[in-house]
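Below are the chains, spelled out letter by letter.
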Amino acid sequence: MKAIRRLTVRPVLPDPLRPLSDLARNLRWSWHAETRDLFQSVDPGCWAESGRDPVRLLGTVPPARLAELAEDRRFLRRLAAVADDLDHYMTGDRWYQVQPGRLPAAVAYFSPEFGITAALPQYSGGLGILAGDHLKAASDLGVPLIGVGLLYRHGYFRQSLSRDGWQQEHYPVLDPHELPLALLKEPDGTPARVALALPGGRELRARIWLAQVGRVPLLLLDSDVEENDLGERGVTDRLYGGGSEHRLLQEMLLGIGGVRAVRTYCRLTGHAEPEVFHTNEGHAGFLGLERIAELCDQGLEFDSALEAVRAGTVFTTHTPVPAGIDRFDRELVARHFGPGSELPRIDVERVLRLGMETYPGGEPNLFNMAVMGLRLAQRANGVSLLHGGVSREMFSGLWPGFDAEEVPITSVTNGVHAPTWVAPEVFRLGARQIGVQRAEDALTVGGSDRWDSVADIPDQEIWELRRTLREQLVTEVRERLRASWRQRGAGTAELGWIDDVLDPDVLTIGFARRVPSYKRLTLMLRDRDRLMELLLHPERPIQIVVAGKAHPADDGGKRLVQELVRFADDPRVRHRIVFLPDYGMAMAQKLYPGCDIWLNNPLRPLEACGTSGMKAALNGCLNLSVLDGWWDEWYRPDFGWAIPTADGAGTDADRRDAIEAAALYDLLEQRITPRFYERGASGLPDRWIEMVRRTLSLLGPKVLAGRMVREYAERLYAPAAEAHRAMDPDSARSLAEWKTRLRAAWPGVSVDHVETSAPAATAELGTTLGLRVRVNLGDLAPDDVEVQAVSGRVDTEDRITDAATVPLKPVGGPDLEGRWVYEGPLALDRTGPFGYTVRILPAHRLLASGAEAGLVAVPSDELGEAAGLLMR
């Protein structure tokens, strides 16, 4: 019979075991081995059955076992030690607390998904895992972060396969009461709520669940409350589900409702109010509008409030393609804002102006969430060095007149949370070498350029470690493959062959990620005969483990999955290549350490960062990847291989795939498999072991989320907090008025005359020329602008590359026509074709960069020709 109602019966722990409840509710257990070991010892069988989830474990342990543990002095001593360790972790000073200068009192970090642990399935892929790692690293470093997201009642989806290999989706219902969550409550015990106004007098209400991620509170908004109508209850049903209006409501709840949730949390707990708001991708961009509305309620005008909000906002873009950005029809957005809807005190046209694509090449009727994110943030970044450059090109229309390299979008390369992703066996090997505390510090805080102590680990130990991890993966794969085939309808008698799937002594390649077309899941199948030869080579075989989910609405991605599955089903190769359905964090934590090679072959430059290879590298797995994302930045032949790219303008997609697949096969045949199987004088693959050693020692410190969060704190959060503090109401009004005056006056700003002391079109290296420029500032004064000389090498079309800028100084006052003369030196510090120009930029102490206002004045073409180029 089916139950008519479901409720959660919580266990009553004996008093001596009460600390277990606190340990289970703090998600630090997901990356703290001693805490997990303690829970496993409570009841190993229940621990395995609960999916290694302490909350579920405590709900299933028999009362007799709990009573037994309450009398077990050895267990109670372990429990006290782990509880004391958590208390010290939560209250002691960490990296952030001992930094000089005034770092932010708090930072609010908004993301549409968070991958903390498989026990809290609120993620779909890399964006969510990155957000989870950001929170964990912030906790380890002591950064006072508040995470903000949504609680999806169905999570993303669970993936299985039909008999013919077609992806099938399942949406299990998640009961928050069975998750490591607690309701945020008002002093009277009622659940804390936030509400959004909807058209037609309706309301969207949400309660706030709290997940404690170490020291970091994560607030998750849940619209499945009885006071909502059925449609509103479903707003937080699925991650990335539904149509445009559904997605818009999710993003309004995340951004606007999220700010209200942060205010509520700070009011109820006394947590410091955030000085910096960090938007992880454009989904949460509406948070800026809510903060503008707050300031308008305090008496600021819209333009002044906008400047105040921008000062303390950081925006991170994760997509390298416009198609990856949420865009909404103008009329849909207009209907949800203004009178009778949300933020009624703000003119809806002001809201729309922030997100409309009003630049060359844009769609003028579309509201772009990333464009709004950039317009509402004074600081923005991509997630790798290459992606920063791609982002500057992609969004250059917002800064007309500036070269792409000057667009104010920097980059902070992603990192991964080592304590989550490093196998315990790898950690123990490091701890034996340098001690447990130093090993923990190296993985969390980081800070060194190299892990030199890896050089002292004997080859034999490294090779035995790699084989142990490979053997564990083989066991895991066989269990998962057997479960998958049973789901596909196979009987036990059909599955005897699974006992021989994979071999712990064979070179193992991993490929696991989401399945959009640009990641090219099936590139390895391009030449199936050649792949079969590699898989079945009599002396140097390879084996491949593949996993990944296609978006439920992406039939093209599902066809790629089916194509791969059908190949892996072939009896000739099924012992050498497998596809594992339902890729998630639990699978990943076994997969990364157990592989020898991590394969990544996206279409360059469409991988913004790609952190899976970082997790593999931290376990001594070597990367084989297209030079995209982070690998483009840090690749060295010492510790991996680069797949050449055929990205010339004249190469069509099919030919490009053929060329790059052939290069992949060549690398495997000629360089990778020989190195793995070749044995040195010691009987070990010493050249392979040396690459593992270099991967750990040289890549390890770079790929840490601790390094990433320290960069955010120092390069983005600290200056954003300073700008926020400087932007008091008077300063905000002053800056807004100045920008209004600037935009009105800018059409009258021009460069009228340029002359130099150069006697000819050539000069010697090291010469310094005098530059004299006459400019018209219209209604502006010299304090409002900076006149610059821009110089550097020039290409064949006279474009300046590697530009250097020097500010010029005004000489005297304006002439009778109101023009100003500026002078300065021009150093000829490079040989070859060299050129210069001059330009006028807005200047104000509260601007983060000269490009921020998007205004620039340069000489006319005729004036440029008259001034000439130097050293042609």
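This text gives an overview of the structure that appears in the document. Just so it is clear, the structure is predicted and the values come from calculations on it, not from any experiment.

1. Brief notes about the sheet that holds strand β26 (residues 800-807)
Then, number 1: With antiparallel pairing, three strands are arranged side by side in an open sheet as β26-β25-β29. The open sheet has two edge strands with one neighbour each: β26 and β29 (834-842). Neighbour-to-neighbour, the strand axes of this sheet turn through a mean angle of 30°, independent of strand direction.
Then, number 2: As judged from the six bridges shared by strand β25 (residues 785-794) and β26, these two strands associate in the antiparallel manner. For Arg793, the partnering residue across the bridge sits in β26 and is Thr801.

2. A short note on a negative patch on the surface
Then, number 1: A grouping of Glu393, Asp403, Glu405 and Asp802 is seen on the molecular surface, where their side chains present a negatively charged patch.
Then, number 2: Summarising the element assignment, Asp403 is placed in the loop between α15 (385-394) and β16 (410-411).
Then, number 3: Judged by its relative accessible area of 44%, Asp403 falls in the partly exposed class.

3. Things to note about helix α13 (residues 348-355)
Then, number 1: Listed in full, the buried residues belonging to α13 are Val348, Val351, Leu352, Leu354 and Gly355. Taken end-on, α13 shows its buried residues confined to a sector of 155°, consistent with a single buried face.
Then, number 2: Looking at the buried residues of α13, the elements they touch are α10 (287-297), α11 (302-311), α12 (330-335), β14 (366-368) and α14 (369-375).

4. Focus: the nonpolar core
Then, number 1: If you look at the biggest cluster of nonpolar residues, it comprises 108 residues, and the most contacted ones within it are Met524, Ile544, Ile597, Leu624, Trp641, Ile672 and Trp688.
Then, number 2: Here Ile544 is in contact with Ile509, Met524, Leu531, Leu535, Arg576, Ile577 and Val578, once residues within four sequence places are set aside.
Then, number 3: By size, the runner-up hydrophobic cluster in this structure holds 99 residues, among which are Val194, Leu198, Val333 and Ile840.

5. Observations regarding the packing of aromatic side chains
Then, number 1: What the rule picks out here adds up to 20 aromatic pairs.
Then, number 2: Ring centres of Phe676 and Tyr677 lie 4.9 Å apart, and the angle between their planes is 80°; this geometry places the pair in the edge-to-face category.
Then, number 3: Three or more aromatic residues link up through ring pairs in this structure, and these residues are Trp463, Trp641, Phe676, Tyr677 and Trp688.
Then, number 4: The ring of Tyr171 carries the charged tip of Arg238 above its face, separated from the ring centre by 3.5 Å.

6. Points about the pattern of salt bridges
Then, number 1: Counted under the stated rule, the structure contains 68 salt bridges.
Then, number 2: A salt bridge links Glu425 to Arg428; the nearest nitrogen and oxygen atoms lie 4.0 Å apart. Note that Glu425 and Arg428 are positioned in helix α17 (residues 424-434) at a spacing of three residues, about one turn of the helix.
Then, number 3: A salt bridge links Glu607 to Lys519; its shortest N-O distance comes to 2.7 Å.

7. A look at the packing of helix α19 (residues 459-487) against helix α22 (residues 585-594)
Then, number 1: Running from N to C, α19 and α22 cross one another at 140°; their axes reach a closest spacing of 8 Å. Classed by the angle they form, the pair α19 and α22 counts as oblique. Seen along the crossing, α19 lies across α22 with a hand that is left-handed. Between α19 and α22, the residues in contact are Arg466, Leu469, Arg470, Gln472, Leu473, Glu476 and Arg480 and Ala586, Met587, Lys590, Leu591, Pro593 and Gly594, respectively.
Then, number 2: Split by residue class, the contact of α19 with α22 holds six nonpolar, two polar and five charged.

8. Overview of the sheet that holds strand β17 (residues 507-512)
Then, number 1: The strand order across the open sheet built from six strands is β19-β18-β17-β20-β21-β22, with neighbouring strands paired in parallel fashion. Each edge of the open sheet carries a strand with a single partner, namely β19 (577-580) and β22 (640-643). The sheet shows a mean angle of 20° between the axes of neighbouring strands, direction not considered.
Then, number 2: Alignment of strand β20 (residues 597-600) against strand β21 (residues 622-626), held across four bridges, turns out to be parallel. Looking at β21, one finds that Trp598 is bridged to Asn623.
Then, number 3: Packing against the sheet, helix α26 (residues 686-699) makes contact with β17, β20, β21 and β22, and its axis sits at approximately 80° to β21.

9. Brief notes about a positive patch on the surface
Then, number 1: Together, Arg73, Arg74, Arg77 and Arg78 give the surface a local cluster of positive charge.
Then, number 2: Checked against the element boundaries, Arg78 lands in helix α6 (residues 73-91).

10. Topic: the environment of Glu363
Then, number 1: By the element assignment, Glu363 lies in the loop between α13 and β14.
Then, number 2: Sequence separation of Glu363 and Glu273 is 90 residues, and the distance between their C-alpha atoms is 38 Å.
Then, number 3: Those residues in contact with Glu363 that lie beyond four places of it in its chain are Arg327 and Glu357.

11. Comments concerning the pairing of strand β9 (residues 202-213)
Then, number 1: Within β9, nine of the twelve residues are buried, leaving the element largely enclosed by the surrounding structure.
Then, number 2: Bridging between strand β7 (residues 182-183) and β9 involves two bridges; their strand directions are antiparallel. Each bridged residue has a counterpart across the sheet, and for Ala182 the counterpart in β9 is Leu210.
Then, number 3: Bridging between β9 and strand β10 (residues 216-222) involves seven bridges; their strand directions are antiparallel. Residue pairing across strands places Trp209 opposite Leu220, the latter belonging to β10.
Then, number 4: The loop that links β9 with its antiparallel partner β10 comprises two residues; one of these, Gly214, has a positive phi angle of about 65°.

12. Describing the state of the cysteines
Then, number 1: If you walk through the whole model with that rule in mind, you get zero disulfides.
Then, number 2: Cys609 takes part in no disulfide bond, and the closest cysteine sulfur to it belongs to Cys621, at a distance of 16 Å.
Then, number 3: With relative accessibility at 4%, the residue Cys609 sits in the buried group.

13. Some remarks on the environment of Ala67
Then, number 1: Checked against the element boundaries, Ala67 lands in helix α5 (residues 63-70).
Then, number 2: Considered as a pair, Ala67 and Thr767 are 700 residues apart in the sequence and their alpha carbons are 87 Å apart.

14. Quick notes on the packing of helix α9 (residues 244-269) against α10
Then, number 1: Relative orientation of the contacting elements α9 and α10 amounts to 55°, with a least axis distance of 7 Å. With respect to α10, the axis of α9 lies oblique. The way α9 lies across α10 gives a crossing that is right-handed. Between α9, through Gly255, Ile256, Val259, Arg260 and Arg263, and α10, the contact on the second element is made entirely by Leu287, Glu290, Arg291 and Glu294.
Then, number 2: Residue composition of the contact of α9 with α10, by class: three nonpolar, one polar and five charged.

So, how was this worked out
Residues numbered from 1 in each chain as written. Predicted model: local features only at pLDDT ≥ 70, side-chain atom pairs only at ≥ 80, totals over all residues. Heavy atoms only, no water. Pairing = 2+ DSSP bridges. Helix = DSSP H or I, 4+ residues; strand = E, 2+ residues; numbered from the N terminus. Axes fitted to C-alpha atoms, helices over the stretch in contact; angles between N-to-C directions. Patch = residues over 30% accessible without salt bridge, like charges linked within 9 Å, V, L, I, M, F, W, Y side chains within 5 Å. Areas by Shrake-Rupley, 256 points an atom, 1.4 Å probe, with all protein chains shown as cover. Salt bridge = Lys/Arg side-chain N within 4 Å of Asp/Glu carboxyl O. Lys, Arg positive; Asp, Glu negative; His and termini not counted. Charge placed at Lys NZ, Arg CZ, Asp CG, Glu CD. Buried < 20%, exposed > 50% of the residue type's maximum accessible area, 1.4 Å probe, protein only. Arc of directions from axis to C-beta. Contact = heavy atoms within 4.5 Å. Core = buried A, V, L, I, M, F, W, Y, C linked by side-chain atoms within 4.5 Å. Phe/Tyr/Trp six-rings, centres within 6.5 Å; stacked < 30°, edge-to-face > 60°. Lys NZ or Arg CZ within 6 Å of the ring centre and 35° of its normal. Parallel < 35°, antiparallel > 145°, perpendicular 65-115°, else oblique. Left-handed = near helix turned anticlockwise from the far one by under 90°. Nonpolar A, V, L, I, M, F, W, Y, C, P; charged D, E, K, R; others polar. Disulfide = S-S within 2.5 Å.

In short, the description is geometric, and any link to function would need to be established separately.
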